[in-house]
Amino acid sequence: GAVVSQHPSRVICKSGTSVKIECRSLDFQATTMFWYRQFPKQSLMLMATSNEGSKATYEQGVEKDKFLINHASLTLSTLTVTSAHPEDSSFYICSASRVWETQYFGPGTRLLVL
Amino acid sequence: ELKVEQNPLFLSMQEGKNYTIYCNYSTTSDRLYWYRQDPGKSLESLFVLLSNGAVKQEGRLMASLDTKARLSTLHITAAVHDLSATYFCAVDPRGSSNTGKLIFGQGTTLQVKP
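This is a predicted model, so every value here is computed, not measured.

Once that is clear, we can look at the nonpolar core. Nonpolar side chains tend to gather and get buried jointly when the protein is soluble and globular. Ranked by size, the top nonpolar core spans 25 residues in total, and within it B:Leu32, B:Trp34, B:Leu74, B:Tyr87 and B:Leu110 carry the most contacts. For this core, the secondary structure elements donating two or more residues are β2 (10-14), β3 (19-25), β4 (31-37), β5 (43-49), β7 (61-66), β8 (71-76), β9 (85-92) and β11 (108-113) of chain B. The element that contributes the greatest number of residues to this core is β9(B), accounting for four residues. In this structure, A:Cys13, A:Trp35, A:Ala56 and A:Val81 belong to the second largest nonpolar core, which totals 23 residues.

What the rule picks out here adds up to two disulfides over all chains. Paired through a disulfide, A:Cys23 and A:Cys94 show a sulfur-sulfur distance of 2.0 Å. Taking the torsion about the sulfur-sulfur bond, which here is approximately 80 degrees, the covalent link between A:Cys23 and A:Cys94 counts as right-handed. Residue A:Cys23 is located in strand β3 (residues 19-25), and its partner A:Cys94 is located in strand β9 (residues 90-97); the two are separated by 71 residues in the primary sequence. Disulfide pairing places B:Cys23 opposite B:Cys89 at an S-S distance of 2.0 Å. Between B:Cys23 and B:Cys89 the disulfide shows an S-S torsion of about 80 degrees. By sign, it is right-handed. Note that B:Cys23 is positioned in strand β3 and B:Cys89 in strand β9, a separation of 66 residues in sequence. Across the pair, B:Cys89 and B:Cys23 agree in class, each one buried. Unpaired in terms of disulfides, A:Cys13 finds its nearest cysteine sulfur in A:Cys94, a separation of 18 Å.

So, on to the sheet that holds strand β7 (residues 67-73) of chain A. All names here are of chain A. Here we have four strands laid out as an open sheet, ordered β1-β3-β8-β7, and antiparallel in their pairing. Of all strands in the sheet, those with a lone pairing partner are β1 (4-7) and β7, marking the two edges. Across the sheet, the mean angle from the axis of one strand to that of its neighbour is 15 degrees, orientation sign disregarded. With five bridges joining them, β7 and strand β8 (residues 76-81) adopt antiparallel strand pairing. From the neighbouring strand, Asn70 faces β8, where its bridge partner is Thr78.

Once that is clear, we can look at the pairing of strand β1 (residues 4-7) of chain B. All names here are of chain B. On β1, burial follows the alternation: Val4 and Gln6 on one face are buried, whereas Glu5 and Asn7 on the facing-out side are not. Taken together, the four bridges between β1 and β3 define a ladder with antiparallel strand orientation. Its bridge partner lying in β3, Glu5 is registered against Asn24.

Let us look at the interface of chain A and chain B. In this assembly, 20 residues from chain A lie in contact with 19 residues from chain B. When chain A packs against chain B, close to 1,400 Å² is buried across both sides, 53% of that on carbon and sulfur atoms. At the boundary of chain A with chain B, the tally comes to one salt bridge. As a salt-bridge pair, A:Glu59 and B:Lys101 come within 3.2 Å of each other at their nearest N and O atoms. Across the chain A-chain B interface, the total number found is four residue pairs in polar contact (both at pLDDT 80 or more). Elements represented by at least two residues in the side of chain A that touches chain B include exactly β4 (32-38), β5 (44-51) and β9 of chain A. Looking at the side of chain A that touches chain B residue by residue, the classes come out as nine nonpolar, eight polar and three charged.

What follows deals with the pattern of salt bridges. A full pass over the atoms with the stated rule returns four salt bridges over all chains. The partner of A:Asp88 in a salt bridge is A:Lys66, with the nearest N and O atoms 2.9 Å apart. A residue pair is termed long-range when its members are at least 10 positions apart, and A:Asp88 in the loop between β8 and β9 and A:Lys66 in the loop between β6 (57-58) and β7 qualify at 22 residues. For the pair formed by A:Asp88 and A:Lys66, the shared burial category is buried. Of the charged contacts in the structure, one is a salt bridge between B:Asp38 and B:Arg36, with a shortest N-O distance of 3.0 Å. Assessed through its relative accessible area of 14%, B:Arg36 is described here as buried.

Here is what the cut-offs are and how they apply
- Residues numbered from 1 in each chain as written.
- Chains lettered and ligands numbered in written order.
- Predicted model: local features only at pLDDT ≥ 70, side-chain atom pairs only at ≥ 80, totals over all residues.
- Heavy atoms only, no water.
- Core = buried A, V, L, I, M, F, W, Y, C linked by side-chain atoms within 4.5 Å.
- Buried < 20%, exposed > 50% of the residue type's maximum accessible area, 1.4 Å probe, protein only.
- Helix = DSSP H or I, 4+ residues; strand = E, 2+ residues; numbered from the N terminus.
- Disulfide = S-S within 2.5 Å.
- Pairing = 2+ DSSP bridges.
- Axes fitted to C-alpha atoms, helices over the stretch in contact; angles between N-to-C directions.
- Contact = heavy atoms within 4.5 Å.
- Buried area = accessible area lost by both parts, 1.4 Å probe.
- Salt bridge = Lys/Arg side-chain N within 4 Å of Asp/Glu carboxyl O.
- Polar contact = N/O pair within 3.5 Å; in protein donor to acceptor, adjacent residues only side chain to side chain.
- Nonpolar A, V, L, I, M, F, W, Y, C, P; charged D, E, K, R; others polar.

Below is the structure:
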């Protein structure tokens, strides 16, 4: 099956700093990438949908100025959490798909903001 | 607003027993997915159900889809400890929007006891 990687797998940062998370599709070109966050013992919540070369579409309630998404190529999308605060601590998972195909999920990035 | 509801949310069962997890959704959909998540890990794809009446089986797990009832089931046969995990269903409300995004159920945490 298709492989999606995320980097870093775990990050600890101080409050107020920005953190960038990368999502790569390793063996296919992804027309669309999705970003989810998951709090402990909760489900996955879609944050935004990203198509290569265009602006991301954010879900209601997600601050686009706080969670910057860039999808510069068909194999790479980045999520930058700007001015992170402890409440942003979460498990962030990306997924990638080709048109009309299933999503392939990355291994996730655990963010802890102190 | 599309809602996806799983039942039960927590399930503790003995090894060797059978049980069913239910996934109800509130709007029409042509794709339903089942995923497994182990603690601290990302999602592992189990099944993709694409049409009414679809049934898929892998080992001790069997998934089915009834699009008229907007219901999918995940049946566990003769449970073993290795099946302990959280199981999510997710619906693709593709329709005319064609976004490909997924809406997840709350998850069912399965604990199989020896």
